[in-house]
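Analysis of the macromolecular model
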Amino acid sequence: MNLLDITDLGADGVASVLDLARRPVSSLGRPLDGRGAALIFEKPSNRTRHSMEIAVVELGGHPVYTRGEEVGFDTREPVEDIGRILAGYHAVVAARVFSHSVVDRLATVCDVPVVNMLSDHSHPLQGLADALTMIEEFETLDDRIVAWVGDYNNVARSLGEVCSILGAHLRFAGPAGYQVTDDELARFTALGARSVSSSIDPREAVQGAHAVHTDTWVSMGQESEKAERIRIFGRYTVTTDLMAQADGHAIFMHCLPAYRGLEVEAAVIDGPSSRVIRQGHNRLHSARGALAYLMGVR
Ligand code: CP
Ligand code: NVA
């Protein structure tokens, strides 16, 4: 099995990964003992690289980090040749890519699990850490209100999937052209979301929310659109005023890296409601849980 999207896990798989993420490392055995994990990055990373490398080591394996240009997906050689070769060396092949089609193609040819470490489409490892962080805070996501403010991007999609599977209410707000689509909302409902909504007004989305999430307005690969995006997203900054619309105990979350003064005010991300450091640390626990699950640990 692969982890290209949260939906690959299904409801039982999400529950298992979150359970494994909370177990002591010593209880997981060493399912990667003496085996390799290929970690290929076409884009920069702090959290994903470090959490995945350490998770592999904790499970007894050996991570091999490679920059995208070294393997050269479809430039040095075809994605399929790269995948078939790496699957002969490693117990897992993980990649951070510009185009989601690359992880899809790897999954087609690899006879070991393929993990999406972020694509233009989704960021499942982030979604798992986000869910873990909210569950630590609220015990459950069932019937909790989760708001997303800003660009409906890769992180938003994976968050929407995991929150739907866990029975949350989803509230999205973003500018026209960058909003969640009706098809996506229908998909979230089918996955189990208690309710879904989309608005142009961030206040509407945040009203009564238990967790308020945002992300950069300019994802990796969109740098040429930076000025235009900053203009378009200008009213979607998560401010203390906006957080005041949320539940009195609401938490602020962001996958990081964050741009203070753009998508979030410093007073919010560095303030008492922020859980971003905990969320970042949970990337390790959820990565370990996900890898153990893919290796068959239950
Ligand atoms: N949140 C996240 O994926 O961070 P990195 O880009 O630093 O890995
Ligand atoms: N949406 C961001 C997430 C970074 C972790 C990006 O894709 O660049």
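Residues numbered from 1 in each chain as written. Chains lettered and ligands numbered in written order. Predicted model: local features only at pLDDT ≥ 70, side-chain atom pairs only at ≥ 80, totals over all residues. Heavy atoms only, no water.

**Looking at helix H1 (residues 10-22)**
- For H1, spanning 13 residues, the distance from its first C-alpha to its last is 19 Å, which sits close to the expected 18 Å at 1.5 Å a residue.
- Listed in full, the buried residues belonging to H1 are Gly13, Val14, Val17, Leu18, Leu20 and Ala21. Down the axis of H1, the smallest arc covering the buried residues is 160°, so these residues share one side.
- Tucked into the core, H1 has its buried residues touching helix H6 (124-138), helix H7 (154-165) and helix H13 (276-294). (Helix = DSSP H or I, 4+ residues; strand = E, 2+ residues; numbered from the N terminus. Expected span 1.5 Å × (residues − 1). Buried < 20%, exposed > 50% of the residue type's maximum accessible area, 1.4 Å probe, protein only. Arc of directions from axis to C-beta. Contact = heavy atoms within 4.5 Å.)

**Re the environment of Ser101**
- Here Ser101 is to be found in helix H5 (residues 100-109).
- C-alpha of Ser101 to C-alpha of His121: the two residues are 20 residues apart in sequence and 9.3 Å apart in space.
- There is a polar contact of 2.7 Å between the side chain of Ser101 and the side chain of Ser99. (Polar contact = N/O pair within 3.5 Å; in protein donor to acceptor, adjacent residues only side chain to side chain.)

**Overview of the packing of helix H2 (residues 47-58) against H13**
- The N-to-C vectors of H2 and H13 enclose an angle of 50°; their axes lie 8 Å apart at closest approach. In terms of axis orientation, H2 runs oblique to H13. Considering how the two elements wind past one another, H2 and H13 form a crossing that is right-handed. In this structure, H2 uses Arg47, Thr48, Ser51, Met52, Ile54, Ala55, Val56 and Glu58 to contact H13, whose residues at the interface are Arg283, Leu284, Ala287, Arg288 and Leu291.
- A per-class count over the contact of H2 with H13 returns 7 nonpolar, 2 polar and 4 charged. (Axes fitted to C-alpha atoms, helices over the stretch in contact; angles between N-to-C directions. Parallel < 35°, antiparallel > 145°, perpendicular 65-115°, else oblique. Left-handed = near helix turned anticlockwise from the far one by under 90°. Nonpolar A, V, L, I, M, F, W, Y, C, P; charged D, E, K, R; others polar.)

**Here we look at the nonpolar core**
- Counting residues in hydrophobic clusters, the biggest one holds 58 residues, and the most contacted among them are Met52, Val115, Met134 and Cys163.
- Once you skip the residues sitting within four places of it in the chain, Val115 turns out to touch Leu3, Met52, Val92, Val93, Ala94, Ala95, Leu125 and Leu294.
- Counting 25 residues, the second-largest nonpolar core is a separate cluster that includes Val149, Ala205, Trp217 and Leu242. (Core = buried A, V, L, I, M, F, W, Y, C linked by side-chain atoms within 4.5 Å.)

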